Structures are given as structure tokens and as C-alpha cells.
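A structural walkthrough
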Amino acid sequence: MNTANVRTRFAPSPTGYMHIGNLRTALYTYIIARKYGGKFILRIEDTDQGRFVEGATEVIYDTLRKCGLEWDEGPDIGGPVGPYIQSERMGLFKEYAEQLVKSGHAYYCFCTKERMEQVHEEQRAKGITPTYDRHCRELPQEEVDKLLAEGVPYVIRQKVPLDGTTTFHDELYGDITVPNADLDDQILLKADGMPTYNFANVVDDHLMGITHVVRGNEYLSSAPKYNLLYEAFGWEVPTYIHVEHIMRDATHKLSKRDGDAYFGDFVEKGFYIPAILNYIALLGWAPKGEQEIFTLDELVQEFDISGLSKSPAIFDPVKMKAINFEWIKKLSLDEFKELALPYIRQTCKSEDIDLDVLVKTLQPRTELFTDIPEKVDFIDELREYSTDLYFNKKMKTTPETSLEALKAASEVFEGIDDNAWTEENIHSALFAKIEALGVKNGWMLLPIRAALSGKQSTPGGGVELAAILGKKESLARIAKGIELLSN
RNA sequence: GGCCCGUUGGUCAAGAGGUUAAGACGACGCCCUUUCACGGCGUAAUCAUGGGUUCAAUUCCCGUACGGGUCACCA
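Residues numbered from 1 in each chain as written. Chains lettered and ligands numbered in written order. Predicted model: local features only at pLDDT ≥ 70, side-chain atom pairs only at ≥ 80, totals over all residues.

Our next topic: the overall build of chain A. Across its full length, chain A holds 19 helices and 12 strands. Here the C-alpha radius of gyration of chain A, 33 Å, is well above what a compact globule of 487 residues would show, namely 23 Å. Judged by the C-alpha coordinates and their principal axes, chain A covers about 110 × 50 × 35 Å. With 487 residues in all, chain A has 36% of them scored as buried. For chain A, the share of sequence-separated contacts (at least 6 apart) that also reach a separation of at least 24 residues comes to 76%. (Helix = DSSP H or I, 4+ residues; strand = E, 2+ residues; numbered from the N terminus. Rg over C-alpha atoms; globule rule 2.2 N^0.38 Å. Buried ≥ 20, exposed ≤ 12 C-beta atoms within 10 Å, placed from the backbone. Contact = placed C-beta atoms within 7 Å.)

The structure is reproduced here in C-alpha cells:
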């Protein structure tokens, strides 16, 4: 593979959403450019007027930026081969199509849509693949000139050789050869003078000097026709890398109806962006070594085309969560705090808490940021709870032993100075008492946890909770527990 | 249906003509433990299938099955 002067491009259609498979394509495209010191180009393919969506281009910019996939040339920042919005390039294509007509690689076709529908209908009835029947392929020049002069609407079609074969090369799949007879004389220029996607793509990629094309597998079938176009123009064919789809299960692609096919969905679900990128990179690509957690820069280092997979990968939300968790655990306390705080504040508004202890106990328990609000919902207000919470089989605690424990805890808490209310001090005071009483840790600590939280499961145990809530609130909740257990 | 592509545990996957067929997630078990977790240790589980080629095939070749893609004046 030639890796000199690499120029790659990501060419999405502005649909308003960034599909995760699409983002992965962008990621690989970006990585290849960075890896070989090349340029990563963003081109917006907005020629489908029917699908135009307001603000959709911004979604693309926004997603790429959030992911750190900065482009070197693009609609917003310009560059030497603009414009980078396909709809602004529409004037270019007609002359290229006409050039192919002159060189004998394309021809005018005056068939109406109605005729084509009829032809296709008949073909289908006969059980053959619907293709253009090449009705206008050999029209005499005079006839063509006459129809043109009369202003009869036309399209320009590619003149695919009738026999022989076409071979194209894909970095992953190797050489793929198909009989030309199986290739359709596809339309290059539509009746409205606009290019078809297939044609615009080839011309744009060439004009923009694209050397490496990473795209979804659905284009594998049209690659031979692309090759024929490059050859007809005498242009160099770029390196192709076709990547397999991301699947929901063995037989279905990940699609919008799954509700988790878009980048934005995952951010909303509490995933950390670098983890999203990390996971999708791993879906369809395997690194050489054992390492699994990669920053974007590390991916650029480690990436190798040979690690790409030729078969579809099933998206596994469980594994993705695991990767996310790894990322969260890897964050520094400050980084985690900053990211977690908005989620904490959804259910915990109190300012009178030891946020640092809370954050510290939360971090190893947070798989997704969206796990957080539920975990801290006991802090602002202690809800009603049942004395069942005071039963623990393993530590043999019961409401009766708990009542004793809480009374003892209350004394211990009272004995700690207001200014000395830290996790360490609470811990040593409590454990001194435990030792003095000759009881198990849990005998004392489980009831405290229950009384302070009113919950079965909490971030941290009795000591941490007491530290988080502060002396006054802790004592108040212990008192409530004693009251509850005394009845 | 034609053409193209693919198929290693439940999932992502490494691997190579001769291996005990990695690793991760998940599952299960044990340990740790003041809950839930984290962490540690361990167990189960894979080469779609039939023929070749070869001393030897999961790895190379052919067929079959299964799956995907594609067959628009959409991109």
C-alpha cells in the first residue's frame, strides 16, 4: 500500500444523525490519515434534496469534534480543493460526463423513466435482474444530435464493456474480479444535469486527491464500475478499504429502530465519548497485542489495516459498558468528579456533604454516568424504610442487635469533634468501639449503613456514608433509626 | 434469483499446515469484604459442513449449507 501523501476523506450525508457504523468509518479514515502523516478531509454529500434536514451538517461537525476527529480540510475551514459541500460542486460534473461521451466511455440516453419502468417490469416478470437494456447505446450520431437539438431530455450512461472482466483491488479482500456482462450501464448524469452519487464520488475523490477510501461494504458491488470510470478518465484508482457492517444480531444491521444506533444515543445513555470511540474501533478491528483500552492517539499508533475484520460484527452493549467502565476507573478523581457532578446533582442538591468522599466511593461503582442519580438519591432526604434492612444473614444482624449497634454508634459519633469529622477519624473511632465491644465489623457497620441510607445498596459502607453526610445529619438519621427500632 | 463477500466459544476475536486453539466481555465457582461493587484466583464453552491436496488441515483447493451485501434518474 502506498502511504506517501495520504489524503483520506469522510463523506457523510447530512441526515441529522451520526450512525455508529458511520462514525467508525470516520474513525478509521481519520486514523489512516494521521498514521501516515496525511490529510483528513470532510466532504458533505448533500445532493439528496429530498432528504435535506435542517441543522444536519452541524450534527456532523459536532460529533466529529466531540470525538476529536479534527479535519484538515472541510466546508467550514476550506482548503485547496473546495468547495467541500457537494451541492456546491454541481456545475463540475457535466463536462466530465461529456468528456467520457467523447472518449467513448459513456453515451446519451433518451429513454424515459416510464420506459425504464416498463422494461424493468418485463425483466422481472421473466426472472432476470432488471438492468438497462442498452436501448440508446448504439444510437447513430445524427440521431443523437437531432434529439439533443430538439431538447429531448437525456441522461448520460456509462458504457460498460460488453465482455471481458474487471478486477479491482481492496486492501482487505484482495483482488475481486467480475464479468463486465454483469455490470449495468449506470446513469452518470441525471436528466436534471446533476450527477449520480456513483459518478460524483469518483470525480470528487479524484479532484480532491483522495488516496485512500474507507467505506462500508455495501459499496463492494459497485467498486468495479468505479474502477472502469477511473480507467476511462485515465486517473489513478485510490486504495480501497471496505469495512463490514455493524450488526444488531446475526441477521440484522444495527438500525435506527434499535434506539441505540446513533452516537448521540450513547452519550445520552451515559457513555464516555472516548470509550464509545474505543469500543467501536474494536468492533471489526483487532489490535496486535493484548491491550484493549486505547485513546485516540494510541489507536493511531496501533492501528493496522491487517487487523480489520472481513465479517460483520455484532454490537454488544454489555461489552461496550465494560469498556466504558474501564475508562471511568482510569479517570483521575478530578476528571471523574467533573464528569460525574452533573449526574450527582440530578438527585442530590445538598451542599452540606463531603463531595470528595462521595465521588471517591462512586467512581468504582459507576459503569455508566447515568447510574449515578439513583445511587445518590438518599442523600438529600432519608426515605421511609422497613426494618427488614436491619437483617443480615452473614453478619447475623437483626433489628434487636441493630438497635444496640446504633446506640453505640450514636455515642461514638457524638464523641467526634465537629472539626474532626473525616472519614479517617470516623473509621478509627468506630473500629475502636468495635474492638472494645468484641463484635464483628458488620454488626456495627451494617446497621449504620441502613440507618444513614435507608437503602439496600449504597455507594460505600457506614463509614463513608457518615463522612459524606456530615456529623449532624448522620446523628439525626441514627436517631431516627433508633426510634424506628424501638417501636 | 444473478453477481460479490463472509463463517473460530453466547459476543468481540488472536492464531497458524504440526499449538495445551490466545485474550477480553459475559456466565459459573471460590477468595477478599461494613452493603453493592472493585480486586484476585479458577472453571465451563469455539474452528458451519462434505470432499479433496498433504505424512499432517481449523489453516490451502472445490462443493454444500447458512448469513450478509448489491442489483434506482438514493446517497
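Past the structure itself, the notes keep going.
Around RNA strand B lies a shell of 62 residues, among which Tyr-197, Thr-251, Ser-311, Asn-441 and Gly-461 are the nearest. Among the secondary structure elements, those contributing two or more residues to the surface near RNA strand B are α4 (113-125), β6 (174-179), α6 (197-207), β12 (313-314), α11 (317-330), α17 (441-453) and α18 (462-469). Of the residues forming the surface near RNA strand B, the biggest block, 5 residues, is contributed by α17. Of the residues contributing to the surface near RNA strand B, the split by class is 23 nonpolar, 24 polar and 15 charged. (Near = placed C-beta within 6 Å. Nonpolar A, V, L, I, M, F, W, Y, C, P; charged D, E, K, R; others polar.)

Moving on, we come to the nonpolar core. Burial of nonpolar side chains together is a common tendency in soluble globular proteins. If you look at the biggest cluster of nonpolar residues, it comprises 116 residues, and the most contacted ones within it are Leu-27, Ala-97 and Ile-280. Every residue in contact with Ala-97, bar those within four places of it in the chain, is listed here: Ala-106, Ile-156, Leu-188, Leu-189 and Phe-199. (Core = buried A, V, L, I, M, F, W, Y, C linked by C-beta atoms within 7 Å.)

Quick look at the sheet that holds strand β10 (residues 246-249) now. An order of β11-β10-β12 is seen for the 3 strands of this open sheet, with the pairing classed as mixed. With one partner strand each, in any of the chains shown, β11 (252-253) and β12 form the two edges of the open sheet. One ladder, built from 2 bridges, connects β10 with β11; its direction is antiparallel. Within the sheet, the bridge partner assigned to Asp-249 lies in β11 and is His-252. (Pairing = 2+ DSSP bridges.)

Another point: the pairing of β10. Looking at chain direction, β10 and β12 are connected through 2 bridges and run parallel. When the sheet's bridge partners are listed, Ile-246 is paired in β12 with Ala-313. Following β10, the chain reverses through 2 residues before pairing antiparallel with β11.

With 13 residues, α4 should reach 18 Å at 1.5 Å per residue; the first-to-last C-alpha distance of 18 Å fits that figure. Taking burial as the measure, the 13 residues of α4 include 0 buried ones, a minor fraction of the element. Positioned one or two residues after α4, Gly-127 has a phi angle of 80°, which is positive. (Expected span 1.5 Å × (residues − 1).)

With that settled, consider the sheet that holds strand β4 (residues 155-158). A sheet is described by the order of its strands in space; here 3 strands give the open sequence β3-β4-β7, paired in antiparallel fashion. Every interior strand has two partners, whereas the edge strands, β3 (106-109) and β7 (187-189), have only one. Adjacent strand axes in the sheet meet at a mean angle of 45° when their direction is disregarded. Two elements, β4 and β7, share 2 bridges in a ladder whose sense is antiparallel. (Axes fitted to C-alpha atoms, helices over the stretch in contact; angles between N-to-C directions.)

Let us now look at the pairing of β6. Counting buried positions over the 6 residues of β6 gives 0, only a small fraction of the element. Sheet topology note: the strand β5 (residues 165-170)/β6 ladder contains 6 bridges and is antiparallel. In the strand pairing of β6, Thr-167 is matched with Thr-177. Count of turn residues in the β5/β6 antiparallel hairpin: 3 residues.

So, on to the environment of Lys-329. Structurally, the position occupied by Lys-329 is in helix α11. Exposure remark for Lys-329: the 13 C-beta atoms within 10 Å place this residue in the partly exposed category. Sequence spacing of Lys-329 and Glu-367 is 38 residues, and the spatial spacing of their C-alpha atoms is 8.8 Å. Among residues more than four places away in sequence, those in contact with Lys-329 are Gln-363 and Pro-364.

Let us now look at the packing of helix α13 (residues 355-362) against α18. Relative orientation of the contacting elements α13 and α18 amounts to 145°, with a least axis distance of 7 Å. Regarding α13 and α18, the two cross each other, and that crossing is left-handed. Where α13 abuts α18, its residues Val-357, Leu-358 and Thr-361 lie against Glu-464, Ala-467 and Ile-468. Taken together, the residues of the contact of α13 with α18 break down into 4 nonpolar, 1 polar and 1 charged. (Left-handed = near helix turned anticlockwise from the far one by under 90°.)

Take unusual backbone geometry next. Here the bond from Gly-82 into Pro-83 is cis, since omega is -5°, no more than 30 degrees from zero. Here Pro-83 is to be found in the loop between α2 (56-67) and α3 (93-102). For Arg-134, which is not a glycine, the phi torsion comes out positive at approximately 65°. With respect to the secondary-structure elements, Arg-134 resides in the loop between α4 and α5 (141-149). Using a count of 16 C-beta atoms within 10 Å as the deciding quantity, one classes Arg-134 as partly exposed.

Next up on the list: the confidence of the model for chain A. Scored by pLDDT, chain A has a mean of 94; 99% of the residues are at 70 or more. Among the scores for the predicted complex, ipTM is 0.95 and pTM is 0.94. (pLDDT = per-residue confidence, 0-100.)

It is worth spelling out the environment of Gly-74 at this point. Checked against the element boundaries, Gly-74 lands in the loop between α2 and α3. Between the C-alpha atoms of Gly-74 and Leu-162, which are 88 residues apart in sequence, the distance is 39 Å. Apart from residues lying up to four places away in sequence, Gly-74 is in contact with Ile-41, Leu-42, Gly-79 and Tyr-84.

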